[in-house]
There are 2 protein chains.
Amino acid sequence: MSGTSRELTHPGAEDLVLTDVLFALSDPSRLAIVRSVADGPIEVAACQPVAGEIPKSTLSHHLKTLREAGVIRNVPRGRQRYVSLRREDLDERFPGLLDAVLAPAADPAAPVPALDQT
Amino acid sequence: MSGTSRELTHPGAEDLVLTDVLFALSDPSRLAIVRSVADGPIEVAACQPVAGEIPKSTLSHHLKTLREAGVIRNVPRGRQRYVSLRREDLDERFPGLLDAVLAPAADPAAPVPALDQT
DNA sequence: GCGATGGTTCAACTATTCTCGAACCATGAG
DNA sequence: CTCATGGTTCGAGAATAGTTGAACCATCGC
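Everything numeric in this text was worked out from a predicted model, so none of it was measured.

Asker: Any chance you could explain the pairing of strand β3 (residues 80-85) of chain A here in plain terms?
Answerer: Along a regular strand, successive side chains alternate from one face of the sheet to the other. Residues and elements named next belong to chain A. Relative to β3, strand β1 (residues 42-43) runs antiparallel, the two being bridged by two bridges. In the sheet register, Ile-42 faces β3, and the bridge partner there is Val-83. Where strand β2 (residues 72-77) meets β3, six bridges bridge the pair, whose relative direction is antiparallel. For Ile-72, the partnering residue across the bridge sits in β3 and is Leu-85. Connecting the antiparallel pair β2 and β3 is a turn made up of two residues, with Gly-78 showing a positive phi of about 65 degrees.

Asker: Help me out: how do you make sense of the interface of chain B and chain A in this one?
Answerer: Listed as interface residues are 27 residues of chain B and, on the opposing side, 27 residues of chain A. Going through the elements one at a time, α1 (18-25), α2 (28-37), α5 (87-93) and α6 (97-102) of chain B are the ones with two or more residues in the side of chain B that touches chain A. Broken down by element, the side of chain B that touches chain A gets its largest block of residues, five residues, from α1(B). Residues of the side of chain B that touches chain A, tallied by class, amount to 19 nonpolar, three polar and five charged.

Asker: Honestly, the protein's contact with DNA strand C in this entry has me stumped. Any pointers?
Answerer: Within the structure, DNA strand C sits among 25 residues, and A:Val44, A:Ala45, A:Ser57, A:Ser60 and B:Ser57 are positioned closest to it. When residues of the surface near DNA strand C are traced back to their parent elements, those giving at least two are α3 (44-51), α4 (56-69) and β3 of chain A together with α4 (56-68) of chain B. Element by element, the count of residues in the surface near DNA strand C is highest for α4(A), at five residues. A per-class count over the surface near DNA strand C returns six nonpolar, eleven polar and eight charged.

Asker: Explanation requested: the relation of the copies chain B and chain A in the structure shown.
Answerer: Copy one and copy two of the chain differ by a rotation about an axis and a translation along that axis. Overlaying chain B on chain A yields an RMSD of 0.0 Å, the required transformation being a rotation through 180 degrees with an accompanying axial translation of 0.0 Å. Here the copies are linked by what is in effect a two-fold axis. Looking at chain B, 96% of its interface residues are interface residues in chain A too, so the copies touch through the same face.

Asker: What exactly am I supposed to notice about α1(B) here?
Answerer: Owing to its 3.6 residues per turn, the α-helix brings residues three or four apart onto one side. Inspection of α1(B) places B:Leu18, B:Val21, B:Leu22, B:Ala24 and B:Leu25 among the buried residues, and these make up the whole buried set. Buried residues along α1(B) cover an arc of 160 degrees about the axis, so they all sit on one side. On the buried face of α1(B), the contacting elements are α1 (18-25) of chain A together with α2, α4 and α6 of chain B.

Asker: Quick question: what am I supposed to make of the sheet that holds β1(A) here?
Answerer: The strands making up a sheet associate through hydrogen bonds between their backbones, and the pairing can be parallel or antiparallel. All names here are of chain A. The strand order across the open sheet built from three strands is β1-β3-β2, with neighbouring strands paired in antiparallel fashion. Of all the strands in the sheet, just β1 and β2 have a single pairing partner and so form its edges. Relative to β2, α4 is tilted by about 115 degrees, and along the sheet it contacts β2 and β3.

Asker: Whenever I open this one, the UniProt feature "domain: HTH arsR-type" (unreviewed entry) in chain A confuses me. Can you help?
Answerer: Under the UniProt annotation, "domain: HTH arsR-type" (unreviewed entry) lies at residues 10-105 of chain A. Annotation note: span residues 10-105 of chain A, helix share 55%, strand share 15%, distance between end C-alpha atoms 30 Å.

Rules used throughout
- Residues numbered from 1 in each chain as written.
- Chains lettered and ligands numbered in written order.
- Predicted model: local features only at pLDDT ≥ 70, side-chain atom pairs only at ≥ 80, totals over all residues.
- Pairing = 2+ DSSP bridges.
- Helix = DSSP H or I, 4+ residues; strand = E, 2+ residues; numbered from the N terminus.
- Contact = placed C-beta atoms within 7 Å.
- Nonpolar A, V, L, I, M, F, W, Y, C, P; charged D, E, K, R; others polar.
- Near = placed C-beta within 6 Å.
- Least-squares fit on C-alpha atoms with pLDDT ≥ 70 in both.
- Buried ≥ 20, exposed ≤ 12 C-beta atoms within 10 Å, placed from the backbone.
- Arc of directions from axis to C-beta.
- Axes fitted to C-alpha atoms, helices over the stretch in contact; angles between N-to-C directions.
- UniProt positions renumbered as here; feature names shortened; annotations may be inferred.

And the structure:
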């Protein structure tokens, strides 16, 4: 009955390390993946165009980095795999981090009386 | 009369890149530096013990990484240099990020009815 | 069983990053 | 001017991370 030998290992919520999470998010391709996954679980293949036309081995490697940092979960489902954001775990351990990272960057040209110091 | 040839270059607030900032913060030594600088400007020498007994060239390298990502400012002052956090710029471009990163990690053993999903 | 599909893992190579000593530079004190 | 101090920059080696094709594995349809 243990038909799920395709299960990958995921760190527990209590084992998440902030610097590891930040590192996982510090790559443009990976951040793009995380952003698209934020809308809901998607299959691995759906991450491909988001990360920018990369071979599947490269994509799989990025997913591994995100998974081992505890940012995403990768679960087998039928013949495919579904990737989902570990939002609850991340929010519990690092409140506000995900919201800040997922938010689109503020407009640099905003009407703010910035203190220009050359 | 341009006595300030020791000025280092800093990116403008509008040029800050999220992934670069995340990368700069993804190193334990650098994050420790940022946390100690969060209490107010300190001199470079004061960062040394925080980052853990590293030679000054290594410390300088970490400060450069943080500075080029726009996380800190490094300004000459007399014979020394003062390191300060670019809190306003970071808050403007990436609201909530700094607060999330500077906050101590939540207690993993907190009494939360976590949804255990193995 | 057989083949096609969806993904991971392996191995090798390249590219970045880290680390640290040595050299260097400006400033302030005497 | 000369010396000590506080830090940056340079250069080289070690370590880590990214990229990719090929091999492999499990599942589904027939």
